[in-house]
Amino acid sequence: MYLKRGVCIGFDTYFNGFSIDKWKKYTILDQISLRLMLQGNVKVTLISRQKLHEHMIEKIWGESVLCAKEPQEFQFAYPLENARGMLAFRITAMEDGCIVFLTNGAYCSDLAQENLRDVKIGVGICTFQREAYIKRSLHTLREEILEQTDCQLHGRLEVFIADNGRTLDIQALESDHIHLFANQNLGGAGGFTRCMIEMRKRQSHSGITHVLLMDDDIMIEPESLVRTYMLLALAKPEYQDMFVGGSMLRLDQQTVQVEAGAVWNDGELDSLKRGLDLRSCEACLYNEIEEYAQFHAWWYCCFPLHIVTAGNLPLPLFIRGDDVEYGLRNLKHLVMLNGICVWHEPFEYKYASFLEYYIIRNQLIVNAFHCPQYGVWQLDRTMLSHCLREITYYRYKNVDLYLQGIRDFLKGPGWLLQQDGQALHQKVTGAGYRLQDVDTLGVRFHYPTYETSRNDHGQRSKKSIRLLTLNGLLLPPKGDGIAPVSAAIGVHFFRKKRVMNYDVVSNRGFVTERSFWKSIQYIGKLLGMVLVNHRCLKEAQRAYREDGKRLCTWGYWKGVLGMDHKK
């Protein structure tokens, strides 16, 4: 990078700052230096920045003016003992034509090799008919790590892919460090469990010490993997069971953070540090503050392989909740650093009607194991609130799916043990709404109408009318409407006869149509379900706590995965 006289560049950013508090707390790191390759007359300023309420406190730890006629490497030591927050630096050009060789910069330490733990990471990826994503990820891993001999992770990474769709060319993609397995389509839970089992099978000769589970449709910066490795290699003995999590950033707005750890709250999930714009130093400093977290999602989650045992495998939840339950069961210390992240498509761009079934069923299963305080009144409140809203959206199929999810949970773990997960999933997906081309739906699509609807949050003065009339159900209908499929609210459906539920990403949708008598019928179903909940919930919860642990064992998984060999 060429700099003109007077130009100052700050490196107090998401990828360039150094999270000194966390490195001091979790690792044996006892000294840290900055290494830079520079040319010209420049000033280097070592700083630290820390968030304190609404203020950002900056301290200057050192300043050097250098003159190098040719490219020259310099090293600057930070005073580690008193440094807090984020370590960073600034470079100021004192003359025209200064050069900063960015690829040669690094934070480094002189720790002896024998002080590093022997760490090898097994990357586990579950995929279903996403060949292009897998090929892209493997290309990145090969180019940057697996075949890059000067990478710190070279020889310390193996990749395991569970191909639930059985569409990948195994012979073309496999190598000494990449392993593919044609797997039963048992969702993310089945695919990730297969990866864990395969890593344990090979542990004695591969030397794998840690599992890193990653989604198949992410984009990743290889430096995240390197930082994860260094964190694990330097871990203090008391933190050798730590989980390392990668923040999720939006793929469409790549500086916006979606989640950095989460709290379960009996199913009222709280995504930590949501919505931060990481172009802001203040947002990066907020990331440095550790908060209570109960689990981390499996888009990027690393933990010790010794946690995976014959009696401690994930629950067969298919999708939605497997990472939650496994985290609640096993997580003790979650460590997250700026610069360890993935980019992922936002969930609001992935609407699927069938998720209604899995979300409530799996929430109840997780709560049965880990939230004994969760009772029937909480279930009733959650069920009524959610389903009444879907009724006012005329999404009657979603109500059926939701109620079926509750009924299937109430059947207990014995029922789940007997299920063919793939067949059940086909049945569930067939019961929901399917996105279709908008010109086949029978409701005229007009994009300005959609935009108007999307930005209409309703007048406060009319809220009482919508409540008293069941969102217009007791009033005559007035024409058709268009609503955003993933961000619908009641006003979008108020007094509409038909509504196109539109997905802007795929330019597809589905139509829901108002029916007064069907709405009354479904309200009756809800009231009947309340009685069933009061009669059966406690017994189902007890059954899961007492008998449900069989679902987490090798004895169960070897059958559903079709694996007859020994662990």
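Anyway, here's the lowdown on the structure attached to this text. (Residues numbered from 1 in each chain as written. Predicted model: local features only at pLDDT ≥ 70, side-chain atom pairs only at ≥ 80, totals over all residues. Heavy atoms only, no water.)

Some points on the overall build of the protein
Which entries qualify depends on this criterion: A run of H or I in DSSP becomes a helix once it reaches four residues, and a run of E becomes a strand once it reaches two; helices and strands are each numbered from the N terminus. This radius of gyration counts C-alpha atoms alone. The globule rule is 2.2 Å times how many residues there are, raised to the power 0.38. Only protein chains enter the accessibility calculation, which uses a 1.4 Å probe; a residue whose area is less than 20% of its type maximum is buried, one above 50% is exposed, and one in between is partly exposed. Computed with the Shrake-Rupley method and a 1.4 Å probe, the accessible areas treat only the protein chains shown as cover for residues.
Across its full length, the protein holds 16 helices and 25 strands. In terms of overall dimensions, the protein is globule-like: its C-alpha atoms have a radius of gyration of 27 Å, near the 24 Å expected for 567 residues. Its C-alpha atoms give the protein principal-axis dimensions of about 85 × 60 × 45 Å. The buried share of the protein, taken over its 567 residues, is 52%. When the accessible surface of the protein is split by element, carbon and sulfur atoms take 50% of a total near 25700 Å².

Section: the sheet that holds strand 22 (residues 436–437)
As a reminder, the rule being used: Only strands that DSSP links by at least two bridges are regarded as paired with each other. Contacts are residue-level and defined by heavy atoms, with any inter-residue pair within 4.5 Å sufficient. Between N-to-C directions, angles cover 0 to 180 degrees, with each direction set by a line fitted to C-alpha atoms, over the stretch in contact for helices.
One open sheet holds the four strands; their spatial order is 22-25-24-23, and the pairing between them is mixed. Whereas interior strands pair on both sides, the edge strands pair on one side only; in this sheet they are strand 22 and strand 23 (480–484). Bridge count for strand 22 against strand 25 (residues 508–513) is two bridges, and the pairing is antiparallel. Residue pairing across strands places Asp-437 opposite Arg-508, the latter belonging to strand 25. Contacts from helix 13 (residues 447–454) reach strand 23 and strand 24 (498–503) within the one sheet, and its direction differs from that of strand 23 by about 65 degrees.

Considerations on the packing of helix 9 (residues 376–392) against helix 15 (residues 516–547)
Relative orientation and spacing of two packed helices are given, respectively, by the angle between their axes and the distance between those axes. Applied cut-off: Roughly parallel here means an angle under 35 degrees, roughly antiparallel means over 145, roughly perpendicular means 65 to 115, and every remaining angle is called oblique. Working rule for handedness: look at the near helix, and if it is turned counterclockwise from the far one by less than a right angle, call the crossing left-handed; if clockwise, right-handed. Side-chain classes are defined by residue name, with Ala, Val, Leu, Ile, Met, Phe, Trp, Tyr, Cys and Pro counting as nonpolar, Asp, Glu, Lys and Arg as charged, and the others, Gly among them, as polar.
For the pair helix 9 and helix 15, interaxial distance at closest approach is 10 Å and the crossing angle is 165 degrees. In terms of orientation, helix 9 and helix 15 fall into the roughly antiparallel class. Read as a crossing pair, helix 9 and helix 15 show a hand that is right-handed. Note on element contacts: helix 15 touches helix 9 through Ser-519, Tyr-522, Ile-523, Leu-526, Met-529, Val-530, Asn-533, His-534 and Leu-537, opposite Val-376, Trp-377, Leu-379, Asp-380, Met-383, Leu-384, Cys-387, Leu-388 and Ile-391. In the contact of helix 9 with helix 15, the residues fall into 14 nonpolar, three polar and one charged.

A short note on the sheet that holds strand 13 (residues 219–220)
Spatial strand order, 13-21-15-16: four strands in an open sheet with mixed pairing. The outermost strands of the open sheet, each flanked by one partner alone, are strand 13 and strand 16 (257–259). Direction of pairing for strand 15 (residues 247–250) relative to strand 16: antiparallel, over a ladder of two bridges. Each bridged residue has a counterpart across the sheet, and for Met-248 the counterpart in strand 16 is Glu-259.

What to know about the state of the cysteines
The following threshold applies: Note that a disulfide, as used here, is simply two cysteine sulfur atoms within 2.5 Å.
A full pass over the atoms with the stated rule returns zero disulfides. Free of any disulfide, Cys-8 has its nearest neighbouring cysteine sulfur in Cys-98, separated by 12 Å. Exposure remark for Cys-8: the relative accessible area of 42% places this residue in the partly exposed category. Cysteine Cys-151 remains unbridged, with the sulfur of Cys-302 as its closest cysteine sulfur at 15 Å. Residue Cys-151 is classed as buried on the basis of its relative accessible area of 14%.

A word on the packing of aromatic side chains
Applicable threshold: Each Phe, Tyr or Trp ring (for Trp, its six-membered ring) is paired with any other whose centre lies within 6.5 Å, and the angle between the two planes then decides the class: stacked below 30 degrees, edge-to-face above 60, tilted in between.
Evaluation of the coordinates by the stated rule reveals 31 aromatic pairs. Relative to Tyr-447, the ring of Phe-445 lies with its centre 6.4 Å away and its plane at 75 degrees, an arrangement referred to as edge-to-face. Assessed through its relative accessible area of 24%, Phe-445 is described here as partly exposed. A residue is classified by how much of its surface remains accessible, and Tyr-447, at 39% relative accessible area, is partly exposed. With centroids separated by 5.0 Å and ring planes inclined at 85 degrees, the aromatic side chains of Phe-516 and Trp-517 adopt a geometry described as edge-to-face.

Side note on unusual backbone geometry
Keep in mind that most residues, glycine aside, have a negative phi and that most peptide bonds are trans. Residue Asp-266 is not a glycine yet carries a positive backbone phi of 60 degrees. Summarising the element assignment, Asp-266 is placed in the loop between strand 17 (262–263) and strand 18 (270–271). With phi around 55 degrees, Asn-507 is a residue other than glycine that occupies positive phi space. The topology assignment puts Asn-507 in the loop between strand 24 and strand 25.

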